[in-house]
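Fold and geometry: a report
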Number of protein chains: 2
Amino acid sequence: MSKVLICGIDGYLGWTLALHLSSRGHEVIGLDNFERRKNVEEVGSWSATPISDINERLKSAKSRHGYEISFAEGSTLDYGFLSKVMGKSHPDVVVHLAEQPSAPFSMADREHAFYTQQNNVLGTLNLLFAMKEYAPKSHLVKLGTMGEYGTPNIAIPEGFFEVEYRGRKDWMPFPRQPGSFYHLTKVHDSANVMFACKVWGLSSTDIMQGVVYGTRTDDIDDDSLLTRFDFDEAFGTAINRYCAQAVIGYPLTPYGSGRQKRAFIALVDSMQCLTLAVENPPKQGEYRVFNQIDEVYGVYELAEQVKRAGRPLGLDVGIQALADPRFESQEHFYEVDHDNLRKLGFRPTHTLEDELDIMLRDLLRFKDRIDAKRDAIAPRTTWKDGKSKPGRRMV
Amino acid sequence: MSKVLICGIDGYLGWTLALHLSSRGHEVIGLDNFERRKNVEEVGSWSATPISDINERLKSAKSRHGYEISFAEGSTLDYGFLSKVMGKSHPDVVVHLAEQPSAPFSMADREHAFYTQQNNVLGTLNLLFAMKEYAPKSHLVKLGTMGEYGTPNIAIPEGFFEVEYRGRKDWMPFPRQPGSFYHLTKVHDSANVMFACKVWGLSSTDIMQGVVYGTRTDDIDDDSLLTRFDFDEAFGTAINRYCAQAVIGYPLTPYGSGRQKRAFIALVDSMQCLTLAVENPPKQGEYRVFNQIDEVYGVYELAEQVKRAGRPLGLDVGIQALADPRFESQEHFYEVDHDNLRKLGFRPTHTLEDELDIMLRDLLRFKDRIDAKRDAIAPRTTWKDGKSKPGRRMV
């Protein structure tokens with residue numbers, strides 16, 4: 001069993017993972033500065049699921065499941081704080097989820113771009129130094145995103161590929177083509193992490209994750225243990241926004257052609273993958289990349305799935321495309337390798353169809369909370385303008 | 001004629017370029033926060049050439065050549081300051097040289113890595129937003145480095161290449177493999193700049209520059225106009241350190257095998273290239289990459305050249321390799337495309353041999369200044385340890 005430090009334990013994946021790793025007998029320590037809660041509030045929204053504060057969460061995890069999770073409040077930008085946590089705990093594994101994860105939030109204006117790049121790039125840099133100093137043999141599980149790769153016209157390997165060019169060959173990092181200031185931070189982080197592994201012998205699993213969807217895992221057996229579910233334009237993914245729209249009876253709003261393809265994975269399967277990474281560390285000094293995805297859908301196709309899943313629940317909604325606020329390929333090739341996790345034993349357990357039914361049922365219980373923040377769903381941030389504008393109204 | 005804003009006008013290239021562009025009739029505005037001077041002082045050194053302060057420089061440029069260069073003191077991290085300068089001047093061209101340029105400085109410890117990534121990545125991000133807001137049609141000439149590419153086993157194109165992979169093709173950014181926290185910032189910057197061009201239609205020339213060497217150009221016809229010349233382990237390049245060592249009669253100290261190859265270009269030719277970029281802007285929205293190099297040498301071979309150039313001047317020095325403090329390939333393929341600047345008319349005018357003679361003669365006049373800081377030449381920063389150590393003594 002390992003001692004696992006989860007940076008960003010109060011987030012969607014962080015909290016779920018803390019419960020899941022605890023259930024497998026790992027010792028979990030968490031840190032967070034609660035900026036995700038503040039940032040979602042700033043964009044005029046909240047979690048559809050009414051999440052408890054961290055103290056109640058920890059108390060409930062203990063009383064219901066006997067999990068002893070410890071916690072420290074602070075930012076990765078505060079190296080003194082990081083050093084203290086790392087120096088006291090000497091974790092075997094560090095799972096880094098303490099990043100600002102919203103592309104639209106990062107594109108809102110200069111302040112948000114600056115905040116995002118500062119928090120993510122410099123926070124990760126601090127974490128690398130803290131590991132080097134206090135836990136050089138620990139394993140960094142770093143959350144990247146499939147968005148690092150963009151949508152090239154060739155297959156996307158897992159991080160590296162053999163290049164043949166003018167009659168010579170080399171094994172090289174696959175070119176990254178990120179699509180927002182947020183996605184850029186993930187690319188910068190990947191490069192910084194890879195370098196730290198090379199020169200200092202740290203080891204890391206860099207996870208290029210698809211869009212994660214879902215509201216629960218087996219551990220979440222009480223509302224006091226719910227993880228967050230964002231549905232606003234900034235922090236809600238397309239699938240979350242569709243589900244929220246379906247629940248409050250508004251048309252689903254794919255952007256642009258709707259033929260943009262994305263890779264997806266259910267929350268429970270994401271937990272399975274992260275656990276495989278945690279429990280199967282790379283060799284010391286190794287930097288490895290996992291593409292963590294299950295299914296691929298176009299964003300219009302996804303809306304149709306949500307619409308279909310809503311029907312048996314009495315949710316009958318239309319689909320109405322909006323002008324794409326982003327700068328992205330509307331029609332493109334998309335083929336993604338994802339063998340590394342399979343080789344470690346990953347077997348997806350939930351399809352999108354299975355999970356949508358569970359999600360919609362869960363969200364129906366919190367319909368009023370979604371309805372209260374309905375204005376936060378429509379896109380207000382455009383990539384071209386780089387500033388927040390009064391939103392086009394939904395319908 | 002253009003209005004050119006030079007960020008980092010007080011530096012080695014910045015000051016030389018300010019004079020050169022003025023001589024061609026361009027209107028030059030400069031900004032700087034003088035951190036380069038402070039950082040070199042921090043590592044226990046100074047410029048071998050006794051450089052005047054900015055006010056004397058500007059006064060002398062005016063009285064000797066009639067150049068009217070305006071100046072504002074401040075940092076690219078201060079967006080209010082940047083906005084004021086940009087909003088007042090609306091430049092046609094922005095030349096961005098305001099970065100912390102030393103790999104060893106960035107590798108010294110956490111504080112220096114953090115400082116470097118903060119200054120370079122976030123400073124450049126601010127600059128992009130200031131351009132978008134106040135001068136969206138201006139052309140950003142951004143100094144990158146050949147070090148962004150590392151030393152792959154295939155030819156290095158100018159920024160982009162055609163990839164064939166599993167039977168499909170795409171035109172993609174060439175993979176970057178930077179070798180220090182400083183070099184990483186240049187890669188991060190390149191990605192941020194490319195993105196800004198794509199989504200906002202800014203235009204930029206991203207210059208992957210080889211090692212620049214030389215002490216003067218035609219404009220530097222008086223000591224009051226000298227540009228800086230660093231020879232310490234952090235801010236001095238191999239060629240500068242060799243020249244400084246030759247002048248004070250100490251053995252030249254290549255690192256490791258000495259077979260590491262690097263690309264070089266003389267200061268006067270670098271000025272020619274930057275001027276070509278300034279005077280031949282890309283199309284609006286275009287992001288183009290120039291590899292700005294002339295000759296390629298191994299670092300031991302370079303030491304032999306310096307030794308040879310010193311002989312007629314009575315400088316008879318040995319060569320003594322030191323353990324390589326860096327993490328780099330000791331033996332590698334190195335082939336670099338550099339056609340883009342040639343197509344704009346670039347013709348190198350100075351070979352290494354020509355220039356070494358001029359440099360050594362210049363430096364002999366400042367022998368005492370080099371001797372006074374001789375302890376700053378030997379390497380103290382190792383990539384592996386990531387912290388400054390008492391240096392191995394020279395000899």
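Keep in mind the model is a prediction, meaning the values are calculated, not measured.

Rules and cut-offs
- Note that residues are indexed from 1 along each chain, following the sequence as it is written.
- For naming, the first written chain is A and the first written ligand is 1, with later ones following in the order written.
- The predicted nature of this model means local features are confined to residues of pLDDT at least 70 and side-chain atom pairs, given and counted, to a pLDDT of 80 or more, with totals for whole chains, interfaces and linings taken over all residues.
- Only hydrogens and water are set aside; all other atoms, that is, all heavy atoms of the structure, feed into the side-chain values.
- For helices the rule is a DSSP run of H or I covering at least 4 residues; for strands it is a run of E covering at least 2, with both sets numbered from the N terminus onward.
- To get the radius of gyration, use the C-alpha atoms; to get the globule rule, take the number of residues to the power 0.38 and multiply by 2.2 Å.
- Any residue under 20% of the maximum accessible area for its type is buried, any over 50% is exposed, and the rest in between are partly exposed; the area is computed with a 1.4 Å probe on protein chains only.
- When checking whether two residues touch, look at their non-hydrogen atoms; a contact exists if any pair is within 4.5 Å.
- Surface exposure here means Shrake-Rupley accessible area, sampled with a 1.4 Å probe, where a residue is shielded only by the protein chains that are shown.
- Whenever a helix is involved, its axis is fitted only over the stretch in contact; in every case the axis is a line through C-alpha atoms, and angles between N-to-C directions fall within 0 to 180 degrees.
- Here is the rule for angles: anything less than 35 degrees is roughly parallel, anything more than 145 is roughly antiparallel, 65 through 115 is roughly perpendicular, and the remaining ranges are oblique.
- Two helices crossing with the near one rotated counterclockwise from the far one by less than a right angle form a left-handed crossing, whereas a clockwise rotation gives a right-handed crossing.
- Residues are grouped as follows: nonpolar covers Ala, Val, Leu, Ile, Met, Phe, Trp, Tyr, Cys and Pro; charged covers Asp, Glu, Lys and Arg; every other residue, Gly included, is treated as polar.
- Here the copies are matched by least squares. The fit uses the C-alpha atoms of residues with pLDDT of at least 70 in both.
- Confidence per residue, as judged by the predictor, is encoded in pLDDT with a range of 0 to 100.
- Polar contacts, as counted here, are pairs of nitrogen or oxygen atoms within 3.5 Å of one another; within protein the pair requires one atom able to donate a hydrogen and one able to accept it, and residues that are adjacent in sequence qualify only if both atoms are side-chain atoms.
- Throughout, the accessible surface (probe 1.4 Å) given up by two parts as they are put together, summed over both, is called the buried area.
- Salt bridges are identified by distance alone: a Lys or Arg side-chain nitrogen within 4 Å of an Asp or Glu carboxyl oxygen.
- Paired strands, as defined in this entry, are two strands with at least two bridges between them according to DSSP.
- Between the rings of Phe, Tyr and Trp (Trp by its six-membered ring), a pair exists once the centres lie within 6.5 Å; its type follows the angle of the planes, with under 30 degrees stacked, over 60 edge-to-face, and the other angles tilted.
- Each ring is checked for a lysine NZ or an arginine CZ that lies within 6 Å of its centre and within 35 degrees of its normal; such an atom marks a charge sitting over the ring.
- Residues forming no salt bridge and having over 30% relative accessible area are the ones grouped into patches, like charges within 9 Å of each other and nonpolar side chains (Val, Leu, Ile, Met, Phe, Trp, Tyr) within 5 Å.
- Counting rule for charge: Lys and Arg are taken as positive, Asp and Glu as negative, and neither His nor the chain ends is counted.
- Lysine's charge is taken at NZ, arginine's at CZ, aspartate's at CG and glutamate's at CD.
- Nonpolar cores were defined as sets of buried Ala, Val, Leu, Ile, Met, Phe, Trp, Tyr and Cys residues, with membership established by side-chain atoms within 4.5 Å.

1. Observations concerning the overall build of chain A
- On a plain count of helices and strands, chain A comes out with 13 helices and 12 strands.
- Taking 21 Å as the expected radius of gyration for a compact globule of 395 residues, we find that chain A reaches 20 Å, a close match to that expectation.
- When burial is assessed residue by residue, chain A has 63% of its 395 residues classed as buried.
- Counted over contacts in chain A with a minimum sequence separation of 6, partners at least 24 positions apart contribute 81%.
- Just so you have it, chain A exposes about 14,100 Å², and 47% of that area is on carbon and sulfur atoms.

2. With respect to the packing of helix 8 (residues 238–247) of chain A against helix 12 (residues 352–365) of chain A
All names here are of chain A.
- Close contact between helix 8 and helix 12 brings their axes to 10 Å; oriented N to C, the two are set at 50°. One way to sum up the angle between helix 8 and helix 12 is to call them oblique. Crossing angle aside, the handedness with which helix 8 passes helix 12 is right-handed. In this structure, helix 8 uses Ile239, Asn240, Cys243, Ala244, Ala246 and Val247 to contact helix 12, whose residues at the interface are Leu352, Leu356, Met359, Leu360, Leu363 and Leu364.
- Partitioning the contact of helix 8 with helix 12 into residue classes produces 11 nonpolar, 1 polar and no charged.

3. Description of the relation of the copies chain A and chain B
- When chain A is brought onto chain B, the operation consists of a screw motion whose angular component is 180° and whose axial shift is 0.0 Å, with 0.0 Å RMSD remaining. Each copy turns onto its partner about a two-fold axis.
- Both copies present the same face, since 100% of the interface residues in chain A are matched by interface residues at the equivalent positions in chain B.

4. Considering the confidence of the model for chain A
- Overall, the predicted model of chain A reaches an average pLDDT of 96, with 97% of residues at or above 70.
- Confidence over residues 389–395 of chain A falls short of pLDDT 50; this stretch has 18 contacts with residues more than four positions distant or in other chains.

5. Brief notes about the side chain of B:His139
All names here are of chain B.
- Looking at the element boundaries, His139 is found in strand 5 (residues 139–145).
- For His139, the side chain forms a polar contact with the side chain of Thr205, separated by 2.6 Å.
- Apart from residues no more than four positions distant in its own chain, His139 is found in contact with Asp92, Val93, Val94, Met131, Ser203, Ser204, Thr205, Ala277, Val278, Pro281, Pro282 and Arg288.

6. Regarding the interface of chain A and chain B
- Taken together, the contact pairs 53 residues of chain A with 53 residues of chain B.
- Between chain A and chain B, a total of about 5,100 Å² is buried, with carbon and sulfur atoms accounting for 67% of that surface.
- Here chain A and chain B share 2 salt bridges between them.
- The partner of A:Arg166 in a salt bridge is B:Asp337, and the shortest N-O contact between them spans 2.5 Å.
- In this assembly, chain A and chain B are joined by 17 residue pairs in polar contact (both at pLDDT 80 or more).
- Contributions of two or more residues to the side of chain A that touches chain B are made by helix 6 (110–134), strand 6 (160–165), strand 7 (168–173) and helix 7 (181–200) of chain A.
- Here the side of chain A that touches chain B gets 11 residues from one element, more than from any other, and that element is helix 6 of chain A.

7. Some remarks on the sheet that holds strand 8 (residues 203–209) of chain A
All names here are of chain A.
- Pairing is parallel across the open sheet formed by 7 strands, whose spatial order is 3-2-1-4-5-8-11. In this open sheet, the two edge strands, each paired with only one partner strand, are strand 3 (70–73) and strand 11 (287–292). Between one strand and the next, the sheet's axes are offset by a mean angle of 20°, whatever the strand orientation.
- Across 4 bridges, strand 2 (residues 27–32) lies against strand 3 in parallel orientation. Bridge pairing links Leu31 to Ala72 in strand 3.
- Here helix 4 (residues 79–89) sits on the sheet and contacts strand 1 (3–7), strand 2, strand 3 and strand 4 (93–96); the angle it forms with strand 2, its principal contact strand, is near 175°.

8. Thoughts on the sheet that holds strand 5 of chain B
Residues and elements named next belong to chain B.
- With parallel pairing, 7 strands are arranged side by side in an open sheet as 3-2-1-4-5-8-11. One side of each edge strand has no neighbouring strand; the edge strands of this open sheet are strand 3 (70–73) and strand 11 (287–292). Adjacent strand axes in the sheet meet at a mean angle of 20°, parallel and antiparallel pairs treated alike.
- The strands touched by helix 1 (residues 12–23) within the sheet are strand 1 (3–7), strand 2 (27–32), strand 4 (93–96), strand 5 and strand 8 (203–209), with strand 1 carrying the most contacts at an inclination of about 170°.

9. So, the packing of aromatic side chains
- Following the criterion strictly, the structure yields 24 aromatic pairs over all chains and no others.
- With 5.5 Å between their ring centres and 40° between their planes, A:Phe181 and B:Phe129 make a pair best called tilted. Remark: B:Phe129 occurs in helix 6 (residues 110–134) and A:Phe181 occurs in helix 7; the pair is interchain, linking two chains.
- Residue class for A:Phe181 comes out buried when judged on its relative accessible area of 0%.
- Among the residues examined, B:Phe129 registers a relative accessible area of 5% and is labelled buried.
- Relative to B:Trp200, the ring of B:Phe129 lies with its centre 4.8 Å away and its plane at 65°, an arrangement referred to as edge-to-face. Of this pair, B:Phe129 sits in helix 6 while B:Trp200 is found in helix 7 (residues 181–200), placing the two residues 71 residues apart along the sequence.
- One aromatic cluster in this structure is built from A:Phe129, A:Phe195, A:Trp200 and B:Phe181.
- Here the guanidinium or amino end of B:Arg110 rests over the ring plane of B:Phe114, the centre of that ring lying 5.3 Å away.

10. A few points about a negative patch on the surface
- Where like charges cluster on the molecular surface, the negative patch consists of A:Glu162, A:Glu164, B:Glu162 and B:Glu164.
- Looking at the negative patch, the elements with two or more residues in it are strand 6 of chain A together with strand 6 (160–165) of chain B.
- Structurally, the position occupied by A:Glu164 is in strand 6.

11. Some points on the side chain of A:Asp170
- The topology assignment puts A:Asp170 in strand 7.
- As a buried residue without a salt bridge, A:Asp170 has its nearest oppositely charged side chain in A:Arg168, at a separation of 8.0 Å.
- A polar contact is formed between the side chain of A:Asp170 and the backbone nitrogen of B:Asn153, at a distance of 2.8 Å.
- Not counting the four nearest positions on each side in its chain, A:Asp170 is found in contact with A:Phe161, A:Glu162, A:Val163, B:Pro152, B:Asn153 and B:Ile154.

12. Comments concerning the nonpolar core
- A:Phe181, B:Met146 and B:Phe181 are the most contacted members of the largest nonpolar core, which totals 108 residues.
- Those residues in contact with B:Met146 that lie beyond four places of it in its chain are B:Ile156, B:Met208, B:Gln209, B:Gly210, B:Ala263, B:Asn291, B:Ile293, B:Tyr334 and B:Val336.

13. Notes on unusual backbone geometry
Residue and element names in this part refer to chain B.
- Of note, the phi angle at Phe34 is positive, near 65°, even though the residue is not glycine.
- Summarising the element assignment, Phe34 is placed in the loop between strand 2 and helix 2 (35–42).
- Given the relative accessible area of 15%, Phe34 is considered buried.
- Residue His90 is not a glycine yet carries a positive backbone phi of 40°.

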